[in-house]
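Per-entry structural report
If you want the building blocks of each chain, they are given just below.
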Amino acid sequence: MRVSTVMWPTESWPEAGTLWRRAEELGFHAAMVYDHIAWRGITPWYDAYSTLSAAAAITSRIRLGTLVTSPNFRHPVPTAHAAKTIDHISGGRFTLGIGAGGANRKSDAGILGDEEWTPRERAGRFAEWTDLMDALLRGGEVTFEGTHYSACEVLTSPGCVQRPRLPFAIAATGPRGLRVAARQGDLWVTTGSRKLRHDPQEAVRQQLEGLREACEAEGRDPGELRRLFLTGFTEEPWLESPEAFADLAGRYAELGITDIALHWPRPGTTWDADMKVFEAVASAHRG
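Quantities reported herein were computed from a predicted structural model and do not represent experimental measurements.

Focus: the packing of helix H2 (residues 48–58) against helix H3 (residues 76–89)
At a closest axis distance of 9 Å, the pairing of H2 and H3 adopts a crossing angle of 15°. The orientation of H2 relative to H3 falls into the category roughly parallel. Crossing handedness for the pair H2 and H3: left-handed. Where H2 approaches H3, its residues Tyr49, Leu52, Ser53, Ala56 and Ala57 are matched on the opposing element by Thr79, Ala82, Ala83, Ile86 and Ile89. For the contact of H2 with H3, the class distribution of residues is 8 nonpolar, 2 polar and no charged.

Section: the nonpolar core
Counting residues in hydrophobic clusters, the biggest one holds 81 residues, and the most contacted among them are Trp20, Phe28, Leu96, Trp238 and Leu262. The element that contributes the greatest number of residues to this core is helix H4 (residues 119–137), accounting for 7 residues. Beyond its immediate stretch of four places on either side in the chain, Trp20 contacts Met7, Trp13, Ala31, Met32, Val33, Thr51, Leu52, Ala55, Thr59 and Leu64.

Some points on a nonpolar patch on the surface
There is a patch of nonpolar side chains on the surface, built from Ile37, Ile111 and Leu112 and spanning about 290 Å² of accessible area. Position of Ile37 among the secondary structure elements: in the loop between strand S2 (30–33) and H2. Residue classification places Ile37 among the partly exposed residues on the basis of a relative accessible area of 46%.

Structural notes on the pattern of salt bridges
One pass over the full model with this rule turns up 18 salt bridges. Note that Arg165 and Asp186 form a salt bridge whose closest N and O atoms lie 3.1 Å from each other. With Arg165 in the loop between strand S6 (150–155) and strand S7 (168–171) and Asp186 in the loop between helix H5 (175–184) and strand S8 (187–190), this pair connects stretches of sequence that are 21 residues apart. Given a relative accessible area of 31%, Asp186 falls into the partly exposed group. Glu209 is paired through a salt bridge with Arg212; the nearest N and O atoms lie 2.3 Å apart. Taken together, the residues span about one helical turn, with Glu209 and Arg212 both in helix H6 (residues 200–217) at a distance of 3 residues.

Notes on the sheet that holds strand S1 (residues 2–7)
With respect to topology, 8 strands assemble into a closed barrel ordered S1-S2-S3-S4-S7-S8-S9-S10, the strand pairing being parallel. With strand direction ignored, the average angle separating the axes of adjacent strands in the sheet is 25°. Inspection of the sheet shows strand S4 (residues 94–98) paired to S7 by 3 bridges, in the parallel sense. Bridge assignment links Ile98 to a residue of S7, and that residue is Ile170.

What to know about unusual backbone geometry
Residue Pro14 is reached from Trp13 by a cis peptide bond, and omega for that bond is 15°. Summarising the element assignment, Pro14 is placed in the loop between S1 and helix H1 (15–26). The backbone of Arg40 shows a phi angle near 55°, a positive value even though the residue is not glycine. Given the relative accessible area of 45%, Arg40 is considered partly exposed.

Here's the deal with the packing of aromatic side chains
By convention here, two paired aromatic rings are described through the distance between centres and the angle between planes. Scanning all chains against the criterion turns up 15 aromatic pairs. Taken together, a centroid distance of 6.4 Å and an interplanar angle of 55° make the contact between Tyr49 and Phe94 tilted. Within this pair, whereas Tyr49 is found in helix H2, its partner Phe94 is found in strand S4, the two being separated by 45 residues in sequence. What makes Tyr49 buried here is its relative accessible area of 5%. Ring centres of Phe229 and Tyr252 lie 4.4 Å apart, and the angle between their planes is 20°; this geometry places the pair in the stacked category. Of this pair, Phe229 sits in strand S9 (residues 226–230) while Tyr252 sits in helix H7 (residues 242–255), placing them 23 residues apart in sequence.

Quick word on the side chain of Glu128
Within the fold, Glu128 resides in helix H4. With no salt bridge to any partner, buried Glu128 finds its closest opposite charge in Arg125, at an N-O distance of 7.1 Å.

Criteria and cut-off values
- Residues numbered from 1 in each chain as written.
- Predicted model: local features only at pLDDT ≥ 70, side-chain atom pairs only at ≥ 80, totals over all residues.
- Heavy atoms only, no water.
- Axes fitted to C-alpha atoms, helices over the stretch in contact; angles between N-to-C directions.
- Helix = DSSP H or I, 4+ residues; strand = E, 2+ residues; numbered from the N terminus.
- Parallel < 35°, antiparallel > 145°, perpendicular 65-115°, else oblique.
- Left-handed = near helix turned anticlockwise from the far one by under 90°.
- Contact = heavy atoms within 4.5 Å.
- Nonpolar A, V, L, I, M, F, W, Y, C, P; charged D, E, K, R; others polar.
- Core = buried A, V, L, I, M, F, W, Y, C linked by side-chain atoms within 4.5 Å.
- Buried < 20%, exposed > 50% of the residue type's maximum accessible area, 1.4 Å probe, protein only.
- Patch = residues over 30% accessible without salt bridge, like charges linked within 9 Å, V, L, I, M, F, W, Y side chains within 5 Å.
- Areas by Shrake-Rupley, 256 points an atom, 1.4 Å probe, with all protein chains shown as cover.
- Salt bridge = Lys/Arg side-chain N within 4 Å of Asp/Glu carboxyl O.
- Pairing = 2+ DSSP bridges.
- Phe/Tyr/Trp six-rings, centres within 6.5 Å; stacked < 30°, edge-to-face > 60°.
- Lys, Arg positive; Asp, Glu negative; His and termini not counted.

Structure (structure tokens):
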């Protein structure tokens, strides 16, 4: 089981840099950050890609990534350029998290003045955005004409440090999204399901079955995908104690989860936790 953490981009630099260094010192596999303009109306909320560039320059081992970038306000062409740059700054430690994006206008939905997207359009944009991003990050010249996005003779050489491109962490639970994960993902991400909040492990079991079916439809071995559960959106006591974490991690591992992500403790919020427990869990799962 690989254990990672989600950082909060609410501190200015250099204070934030101290936290990113600490995440590496604790031995987390990866440190990731949500990519929004704000988050549920919370500000300050600093830019994910700028933050990751700075974090890449002051760390040397920990993987870095977005969890997740969405089409809500980012076009694939400049986003690919930024992601490739961070991959080079970090020496090949960047993972691009991608999701369909939410409808919460206090985070980033609709901030460009566009009309509200239907669920069908959001799913279509997600798939097209991801496919274009894949092409852009493999290097060479890209021309693309899609329903929602286009690119004209974009030069992307020399491509990423990681080959054939940097890995994608795809957050998806619906049938169309799972097909995207099966086709383009290196890591699949879930927080469970609102419909089964009372039984998140059953929700994940059902989602994993859907992922298996999507992989079969795409002609891919499901074993090629790692599977991450992002904690903090259920009532499970992940950071009640190191023993509680070990018990829950074991239960999810039995389902097929390979990675766990914990939020950095944030006092006064749902994601508050005993820092000593948080550090003990990280130390017990170094790397």
